[in-house]
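Chain by chain, the residues:
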Amino acid sequence: AKGAGQITGHHALAMLTLPWIVWLLSRGPNRLLTILAVGAGSMAIHEILHYNFAHLEPPAALEFLKITFTAKYGYFRMTGFVMFGVAIGYLFRQYHDRPGMVRDMVMAALVLIAFGGVGVQQSATRISAFGDSHIWHMSVYAGVALLILAGFAMLNRDGGVKTQPLNRLNAFAIASGILALPIFVGHEVVTALKQLLDSVGVPDLLGLAILLGLFFGGLSIAYMRLMRFLR
């Protein structure tokens, strides 16, 4: 729960600072190098802050800032990892219509997954520790992301999918990607509000039913509107 809260905090801060991130990514003559430089710079800043401040025990008012910028899912560390996805998305946007792109993406994905698998094997990483976000974990994640993109590219070439079931599946998958952040933040809000309702004496099942009803009701409305637009 603590890690999930840190990720939610990163998302909130990332949305607030998004205009500056986009401005920074648009600098320089080579967009891909800029993206990779921002990722590497973010990771370096995290390591510097973590080394110098993570061991401190500041007053409660400053503890939030320390966690936000030095913890495992801190702002700069997560931003560095996000740049992996930004780089993949940028390359895909630039070359998605090139002949053989799907084949190349699948091959690159398999290489990344194999490299990550070797790293996991050599480090004797437990499955339960896969969320520790080491470089070999990121390699596996990036490979899986490329496989998903390759599937979308194959489905949507030549005017898109033609059969209704695949068209709906395609729209649902795209909607899920768009709603991924709201879903993550929303389920964390449900957890926090459930604890609040518990503290004021609301019966356990009643509080859970109300909050889950609001969460899934809002999510269903968002899915229906997106699916109507995407199909």
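Look a little higher up for the structure.
Residues numbered from 1 in each chain as written. Predicted model: local features only at pLDDT ≥ 70, side-chain atom pairs only at ≥ 80, totals over all residues. Heavy atoms only, no water.

Enquirer: How would you explain the overall build of the protein chain if you had to name every residue and give the values?
Expert: When its secondary structure is counted, the protein chain shows 9 helices and 0 strands. Listing each helix as α and each strand as β along the protein chain from the N terminus yields α-α-α-α-α-α-α-α-α. By residue count, 30% of the 231 residues in the protein chain fall in the buried class. Across the protein chain, the fraction of contacts at a sequence separation of at least 24, relative to all contacts at a separation of at least 6, is 67%. Looking at the protein chain as shown, the accessible area adds up to about 14700 Å², and 72% of this sits on carbon and sulfur atoms. (Helix = DSSP H or I, 4+ residues; strand = E, 2+ residues; numbered from the N terminus. Buried < 20%, exposed > 50% of the residue type's maximum accessible area, 1.4 Å probe, protein only. Contact = heavy atoms within 4.5 Å. Areas by Shrake-Rupley, 256 points an atom, 1.4 Å probe, with all protein chains shown as cover.)

Enquirer: Describe helix α8 (residues 180-199), and please don't skip the residues or the numbers.
Expert: The terminal C-alpha atoms of α8 lie 29 Å apart, and with 20 residues this matches the ideal 28 Å at 1.5 Å per residue to within 8%. The set of residues buried in α8 consists of G186, E188, V190 and K194. Count one or two residues on from α8 and you reach G201, which has phi positive near 90°. (Expected span 1.5 Å × (residues − 1).)

Enquirer: Which residues make up the layout of surface pockets, and what values do they have?
Expert: Roughly 1000 Å³ of internal volume is contained in the largest pocket. Lining the largest pocket are 27 residues, and of these V82, F84, G85, V86 and A145 lie nearest its centre. At the level of elements, α1 (2-25), α2 (31-53), α4 (75-95), α6 (135-156) and α7 (164-178) are the ones that each hand at least two residues to the lining of the largest pocket. Sort the elements by how many residues they give to the lining of the largest pocket and α4 lands first, with 10 residues. Of the residues that constitute the lining of the largest pocket, the class distribution is 19 nonpolar, 6 polar and 2 charged. (1 Å grid on protein atoms, 1.4 Å probe; cavity = no way out; pocket = protein on both sides within 12 Å on 5 of 7 lines; lining within 4 Å. Points joined across faces, edges and corners; volume = space filled by probe spheres on them. Nonpolar A, V, L, I, M, F, W, Y, C, P; charged D, E, K, R; others polar.)

Enquirer: Can you lay out the nonpolar core for me, pointing to particular residues and giving the numbers?
Expert: Grouped together as the largest cluster of nonpolar side chains are 10 residues: I88, M101, V102, M105, A109, A142, L146, L149, A150 and A153. Listed by contribution, the elements that provide at least two residues to this core are α5 (101-123) and α6. Per-element tally for this core: the top contributor is α6, with 5 residues. Excluding residues within four positions of it along the chain, L149 makes contact with I88, F92 and M105. The next biggest cluster of nonpolar side chains, apart from the first, holds 9 residues, and it includes A14, I21, I35 and F76. (Core = buried A, V, L, I, M, F, W, Y, C linked by side-chain atoms within 4.5 Å.)

Enquirer: Hey, could you go over the environment of G119 for me, with residue numbers and the actual values?
Expert: Mapped onto the elements, G119 comes out in helix α5. Along the primary structure G119 and V140 are separated by 21 residues, whereas in three dimensions their C-alpha atoms are 9.7 Å apart.

Enquirer: How would you explain the side chain of K194 if you had to name every residue and give the values?
Expert: As for its position among the elements, K194 is in helix α8. Here the side chain of K194 touches D204 through a polar contact of 2.4 Å, side chain to side chain. If near-sequence neighbours (up to four positions away) are discounted, K194 is found in contact with D204, G207, L208 and L211. (Polar contact = N/O pair within 3.5 Å; in protein donor to acceptor, adjacent residues only side chain to side chain.)

Enquirer: Describe in detail the packing of aromatic side chains, supporting the description with residues and values.
Expert: By the definition in use, this model includes 5 aromatic pairs. Geometrically, the ring pair formed by F172 and Y223 is stacked, given 5.1 Å between the ring centres and 15° between the ring planes. Of this pair, F172 sits in helix α7 while Y223 sits in helix α9 (residues 204-230), and the two are 51 residues apart along the sequence. (Phe/Tyr/Trp six-rings, centres within 6.5 Å; stacked < 30°, edge-to-face > 60°.)

Bear in mind that shape data such as this cannot, by itself, settle questions of function.
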